[in-house]
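Examination of the molecular architecture
As a plain string of letters, each chain reads:
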Amino acid sequence: MVGVLIRMKLAVLRNSTTGGRAAWMVTGGVLGLCCAAATVLLTFADVSHPGVLGDLLAAVWLGWALSWMIGPLWGASAVLRAEHFALLPLPRPRLAAGLLGAGLVAITTAVTAVAFLSLITYAARLGPAAALVAVPAAAGVLVLVVLLSRVTHALFTVVATSRTGAAVTGLLFAGLLIVSQSGWMLIVPILYSDVLTTGFSPLFSTVLRAVPSSWGVVAVEAAGRGDWPVTAAALAGLPVLGALLLLVWAATLGTPRRSRVTIRGGAYGTAPARGPLAGPAGAVFRKEVRTWWRDPGRITAAVVPIAWALGTALLPLTFGAPVLLPWAGAAVAWFAVTSAGNLYGDDGTALWHTLTTGSERADVRGRQWAYLAVYGPVAVLLSAGLTVWSGYTWAWPWVVAVVPALLGGGAGLIAYASVSALTPGPDPRRRADAPLEGADATGPSYVLFWVGILPAGPPLAVIVTGHLLDVPWLLWAGLPVGVATGVALAWWLGDRAAARLQERGPEMLHTMRTGRPPPPSSVGVARSPLGVARSPLDVASSPAGVAPSPSPAAVVASGREVVRVLGCWIGGGLLTFPQGLVPVILILVGADVRSWFLAMYLPPPWGLVLGVAGVVAGVALFTTAIRATFRRAVDGR
Amino acid sequence: MGSDPALRLTGLVKAFGSTVAVDRVDLTVPAGSFFGLVGPNGAGKTTALSMAAGLLRPGAGRCEVSGVDVWADPVRAKTLIGVLPDGLALPERLTGRELLTFTGQLRRIPPDVLTERVQELLTVMGLTGAETTLVVDYSTGMRKKIGLATALLHGPRLLILDEPFEAVDPVSAAALKAILVRFVASGGSVVLSSHVMALVEQLCDTVAIMDRGRVVAAGPLADVRGDETLERAFVELVGAADPVPDGLSWLAS
């Protein structure tokens, strides 16, 4: 059973992996391996307090478990799904076990397995018995996190079909994101406190070790102490909990017991005769706003950035720091780009409707306006309200400059990304019962997240200059610069998106119909959009008129190219932020932190020069990386 | 433009990789005709119609609607055609009325005319009973009907319909047929693809048979079928395999 499913999964992957998707898989795998390597290296750290390393390791493993729970909610549906086997006479637990086995054959599992080698390297410090225990413990936790991920996904799929459930899903998803990212917030206090010598509080250690992802650590440490009953209990707990999760998951695999919540529309509706909503773009705007309101998947997408921004801004209040409050609105505008970067992919083959009505330009503009209508008011209100609450009057010039730039830039980026990095997924009606089963646009979303911050650059540059030269009016000049940047980016990127849609609309529709970009005429497997040609004919016997298809070939990225692009992404990130913007800001506010910020080791004027040079070089690398990534995404899809 | 055929495909070619789905197809649909395109699964009907409708870029050849090149002057051509593709998504989170109103706005139909047409189409299609139902919750038959309504909304000269009667119940099918017959009687032209021979024989005055990407016969229905039924003519042209192939002996045991 498992063997058959694994072979089937590999066959599906082989037939559906394009160059672009392969590039994202390699990129994700390399990034994951870096994290895995860091996890293993952690166990070699020289820590004086004995319990601390175990605490740290347990915390990092919790991070891995949370990533497993979040990942599938954000990304695509599993390759093999229970519906595919609905008509086979298979008991559900057996099907669940089979799907679990097939699910273990994945890059993500391999990367996590590497990370979980850290338990063995950690155990090796505690003695040979602990090292022996570590092997089954690590394997057990690995299976457990995969199961946790499946059960979370199944539960969210059930919840997310109603609008309230979709909003709750968005909130929980944002919550999981905040918890996993706030690990970074913990690292700073850990490094600057003496926790590494005195250890964490007993309460923290106890709670942390009660979490199932920590049971491997518990078993290993108990084995190191020779405490065999605890070792046995922790080791036995893993399969018991795993079996329970498997049963829960198996129960969700059958035919749904309750019918879906039907969302209804209004009974009447006429076209407005005049006003801004009268034209084609107005019609698309009205259609999009209704879709944002009626489609549970869109509701989840709308809630996540807002909840994430609020949570991130409010979290530091728990230790009395209102420092992030003014940036909540900007964070909404920033994060929103990731949730709307595949609008055409999410709408599936409905693109034919746009093409036959010749309304490509209106479609792009209407979608941009709807995006602004969904996120704009929230971003503005949160910015105003929370800045007032924070009491930071100095923050106003920064906030009013950054928010319009990010909103407008976002409206441009989502339009351009939706057209140029189209990720095909199932048609909306095929996932009406499972709104989370969308296209896997994780890679482009991740790129958009980092690109989405760039529109804030011009207004920030003006304000920073104002600070440098001590010119008060320059501080406020950030506002018009921010608005101008936003308007210009929204208009320009939208214009490019519309032009591209007009030019390549039929190719995009083909991609949506078949799940793959149109192949070139001379090579590859043929498939007509809605049917398989019955008898393949030799293309050589066709007339000379068989012109090559206008679409480029699916480009498989070479290893060297992937490394180069990845290097640009990482280098761009390092130069722009920690070696660029951060030291510049630290110098400007007069902070005396050197850490690994090279510019802080120079006298201030030279430090500034080095910081600005870092930003320039970083942006240049980012530009190279963006161009290469998007080009490959386009070619590959 | 008056003497131009409703649709003319000239030397149309589309290859997907090494498979040629549509191979040098020449086809003329006379103005005012009810044209049936038949062929077995995978014959290239959908591919040919997608290219004619401006939804799939041809590898070579021309598609003209009333003399207007679909790929050279798409804006003008698209005002002349109404399209019903098979199995494609629609803007799913709208009600039927909202979808038609939305489509009419995209086609810049004046609001008062639009309101009237939408009401009439919903009534004729029998969709007024599902006013608050979103398209995503429509049955397959309802989707066909709302799709046909969006195709008719702007009063096109040519309707391109891909399998319009598939999954439509007999009562709705009769209503759809009546609408199409009336459309042709009032001077419009219809091209539909189907593999239900009886239906094509009943509705169409002109037919073409496609097989393996080629047009193997085309012309007035009477000429193509001769003294036989269309089905027999089709089977002869396409080359029927043994009607009851060997094998599957285990099924009876």
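Above this text sits the structure in question.
Parameters at a glance
Residues numbered from 1 in each chain as written. Chains lettered and ligands numbered in written order. Predicted model: local features only at pLDDT ≥ 70, side-chain atom pairs only at ≥ 80, totals over all residues. Heavy atoms only, no water. Pairing = 2+ DSSP bridges. Helix = DSSP H or I, 4+ residues; strand = E, 2+ residues; numbered from the N terminus. Axes fitted to C-alpha atoms, helices over the stretch in contact; angles between N-to-C directions. Contact = heavy atoms within 4.5 Å. Patch = residues over 30% accessible without salt bridge, like charges linked within 9 Å, V, L, I, M, F, W, Y side chains within 5 Å. Areas by Shrake-Rupley, 256 points an atom, 1.4 Å probe, with all protein chains shown as cover. Salt bridge = Lys/Arg side-chain N within 4 Å of Asp/Glu carboxyl O. Buried < 20%, exposed > 50% of the residue type's maximum accessible area, 1.4 Å probe, protein only. Lys, Arg positive; Asp, Glu negative; His and termini not counted. Polar contact = N/O pair within 3.5 Å; in protein donor to acceptor, adjacent residues only side chain to side chain. Phe/Tyr/Trp six-rings, centres within 6.5 Å; stacked < 30°, edge-to-face > 60°. Parallel < 35°, antiparallel > 145°, perpendicular 65-115°, else oblique. Nonpolar A, V, L, I, M, F, W, Y, C, P; charged D, E, K, R; others polar.

What follows covers the sheet that holds strand 9 (residues 206-211) of chain B. Backbone-to-backbone hydrogen bonds pair the strands of a sheet. The strands run either parallel or antiparallel. Residues and elements named next belong to chain B. One open sheet holds the 6 strands; their spatial order is 6-7-8-3-9-10, and the pairing between them is mixed. Single-partner strands in this sheet number two, and they are strand 6 (81-84) and strand 10 (214-220). The sheet shows a mean angle of 15 degrees between the axes of neighbouring strands, direction not considered. By the bridge criterion, 6 bridges tie strand 9 to strand 10 in an arrangement that is antiparallel.

So, about the environment of F285 of chain A. Residue position: F285 of chain A is located in helix 12 (residues 280-294). Beyond its immediate stretch of four places on either side in the chain, F285 of chain A contacts L277, G366, W369, A370 and A373 of chain A.

Okay, the pairing of strand 4 (residues 60-65) of chain B next. All names here are of chain B. Note that strand 1 (residues 7-16) and strand 4 share 5 bridges and pair antiparallel. In the sheet register, R8 faces strand 4, and the bridge partner there is E64. What sits between the antiparallel neighbours strand 4 and strand 5 (residues 68-69) is a turn of 2 residues, in which S66 has the positive phi angle 45 degrees.

Attention shifts here to a nonpolar patch on the surface. There is a patch of nonpolar side chains on the surface, built from L598, L602, W606, V609 and L610 of chain A and spanning about 500 Å² of accessible area. For V609 of chain A, the position within the fold is in helix 23 (residues 604-636).

Take the pattern of salt bridges next. Applying the stated criterion to the full structure yields 26 salt bridges over all chains. Among the ionic pairs, R76 of chain B bridges to D73 of chain B, the shortest N-O distance being 3.6 Å. We classify D73 of chain B as partly exposed; its relative accessible area is 29%. Where D86 of chain B meets K144 of chain B, a salt bridge forms, and the shortest distance between an N and an O atom there is 2.9 Å. Taken together, the positions of D86 of chain B in the loop between strand 6 and helix 3 (96-106) and K144 of chain B in helix 5 (residues 140-152) put the pair 58 residues apart, joining distant regions of the chain. Linked through salt bridges whose partners overlap, the residues forming this network are K287, E288, R298, D347, D363 and R367 of chain A.

Let us now look at the environment of F16 of chain B. All names here are of chain B. Looking at where F16 falls in the secondary structure, it is placed in strand 1. F16 sits in the buried class, given a relative accessible area of 2%. Spatially, the C-alpha atoms of F16 and G59 are 9.4 Å apart, while their sequence positions differ by 43 residues.

Residues and elements named next belong to chain B. Taking strand neighbours across the sheet as the criterion, the 4 strands line up as 2-1-4-5 in an open arrangement whose pairing is antiparallel. If you trace the sheet from one side to the other, it starts and ends with strand 2 (19-29) and strand 5, each paired once. Across the face of the sheet, helix 1 (residues 45-52) comes into contact with strand 1, strand 2 and strand 4 while running at roughly 120 degrees to strand 1.

Residue and element names in this part refer to chain A. Along the chain, A330 turns up in helix 14 (residues 328-339). Separated by 75 residues in the primary sequence, A330 and A405 have C-alpha atoms spaced 9.2 Å apart. Apart from the residues within four sequence positions on either side, A330 is in contact with S383, V402, V403 and L406.

This next bit is on the side chain of D162 of chain B. Note that D162 of chain B resides in strand 7 (residues 158-162). Buried within the structure, D162 of chain B lacks any salt-bridge partner; R513 of chain A is the closest side chain of opposite charge, at an N-O distance of 5.9 Å. A polar side-chain atom of D162 of chain B sits 2.5 Å from a polar atom in the side chain of S193 of chain B.

Before going further, it helps to examine the packing of aromatic side chains. Residues and elements named next belong to chain A. The final tally for this structure, using the stated rule, is 10 aromatic pairs over all chains. Look at W292 and Y375: their rings are 5.9 Å apart centre to centre, the planes differ by 85 degrees, and that puts the pair in the edge-to-face class. Note that W292 is positioned in helix 12 and Y375 in helix 17 (residues 360-390), a separation of 83 residues in sequence. Across the pair, Y375 and W292 agree in class, each one buried.

It is worth spelling out the pairing of strand 2 of chain B at this point. Residue and element names in this part refer to chain B. The buried count for strand 2 comes to 8 of 11 residues, which makes it a mostly enclosed element. With 7 bridges connecting them, strand 1 and strand 2 associate as antiparallel partners. Across the sheet, F16 pairs through a bridge with T19, a residue of strand 2.

What follows is about the side chain of S418 of chain A. All names here are of chain A. Mapped onto the elements of the fold, S418 is located in helix 18 (residues 396-420). Separated by 3.0 Å, the side chain of S418 and the backbone nitrogen of L343 make a polar contact. Residues within four places of S418 in sequence aside, it is in contact with A340, G341, N342, L343, Y344 and M508.

All names here are of chain A. Across the interface, helix 14 lies against helix 18 with an axial gap of 9 Å and an inter-helix angle of 10 degrees. When the axis of helix 14 is compared with that of helix 18, the two are roughly parallel. Packed against helix 14, whose contacting residues are G329, A330, A333, W334 and V337, the element helix 18 presents V402, V403, L406, L407, G410 and I414 at the interface. Taken together, the residues that form the contact of helix 14 with helix 18 break down as 9 nonpolar, 2 polar and no charged.

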